[in-house]
Amino acid sequence: MKIIDLLKLKYHNFRLRHTKTIEQEYILLLKYGYIEKDCSPIKCTKCGSTNLEDMHEEYGGYNIPDGVLCEFDEVCTDCGNVCGHWAYGGWNL
Ligand SMILES: [Zn+2]
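Model, not experiment: these values are computed from the prediction.

Scoring rules and cut-offs
Residues numbered from 1 in each chain as written. Predicted model: local features only at pLDDT ≥ 70, side-chain atom pairs only at ≥ 80, totals over all residues. Helix = DSSP H or I, 4+ residues; strand = E, 2+ residues; numbered from the N terminus. Buried ≥ 20, exposed ≤ 12 C-beta atoms within 10 Å, placed from the backbone. Core = buried A, V, L, I, M, F, W, Y, C linked by C-beta atoms within 7 Å. Contact = placed C-beta atoms within 7 Å. Pairing = 2+ DSSP bridges. Axes fitted to C-alpha atoms, helices over the stretch in contact; angles between N-to-C directions. Expected span 1.5 Å × (residues − 1).

Novice: Explain unusual backbone geometry here, please?
Specialist: If a residue is not glycine, its phi is most likely negative; likewise, a peptide bond is most likely trans. Residues other than glycine seldom take positive phi values, yet Cys39 does so here, at roughly 75°. Secondary-structure assignment places Cys39 in the loop between helix 2 (22–31) and strand 1 (52–59). Residue classification places Cys39 among the partly exposed positions, given that 17 C-beta atoms sit within 10 Å. Phi at His56 is positive, roughly 55°, even though this residue is not glycine. On the basis of neighbour count, His56 is assigned to the exposed category, with 11 C-beta atoms found within 10 Å.

Novice: What exactly am I supposed to notice about the nonpolar core here?
Specialist: One broad trend across soluble globular proteins is that nonpolar side chains are buried collectively. Counting residues in each nonpolar core, the largest one holds 5 residues, listed as Cys44, Leu52, Val75, Cys76 and Cys83. In contact with Cys83, not counting residues within four places along its chain, are Pro41, Cys44, Thr45, Leu52, Glu74, Val75 and Cys76.

Novice: How do you make sense of the sheet that holds strand 4 (residues 90–92) when you look at a structure like this?
Specialist: Strand pairing in a sheet is mediated by backbone hydrogen bonds. Such pairs are either parallel or antiparallel. With antiparallel pairing, 4 strands are arranged side by side in an open sheet as 1-2-3-4. The open sheet is flanked by strand 1 and strand 4, the only strands paired with a single partner. Put simply, the sheet's adjacent strands are angled 25° from each other on average, direction ignored. Both strand 1 and strand 2 (residues 69–76) contribute to a ladder of 6 bridges, which runs antiparallel. The partner of Leu52 across the bridge, within strand 2, is Cys76.

Novice: How should the pairing of strand 2 be read in this particular structure?
Specialist: Two faces, one strand: in a regular strand the side chains alternate between the faces of the sheet. Judged from the 5 bridges that link them, strand 2 and strand 3 (residues 82–87) form a sheet pairing that is antiparallel. Within strand 3, the position partnered with Asp73 by the bridge is His85. Where strand 2 hands over to strand 3, the hairpin turn is made up of 5 residues, of which Gly80 adopts a positive phi near 85°.

Novice: What exactly am I supposed to notice about helix 1 (residues 3–17) here?
Specialist: For helix 1, with 15 residues, the first-to-last C-alpha span of 21 Å sits near the 21 Å given by 1.5 Å per residue. Of all 15 residues making up helix 1, only 0 are buried, and the element is barely covered by its neighbours.

Structure, rendered in structure tokens:
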């Protein structure tokens, strides 16, 4: 990673740590390019990697048919950080 990218990452993490509301966090994540408007992750907030993969899938359940995807995590394959969680049709921060 280039030094300028590392400095940006540290600055972003500093700003994100000091947000007081989920709305402020959302605005910063969107502004810095970590998420799309629907909260789907674009890159890892810990290491800046864009190597993200769907993991920890859960299928079916109480009143959901077998084989229907209900939930999964979007995980950074470079550092293991869970960058987002999708459940029942939407992303959570
Ligand atoms: Zn990462």
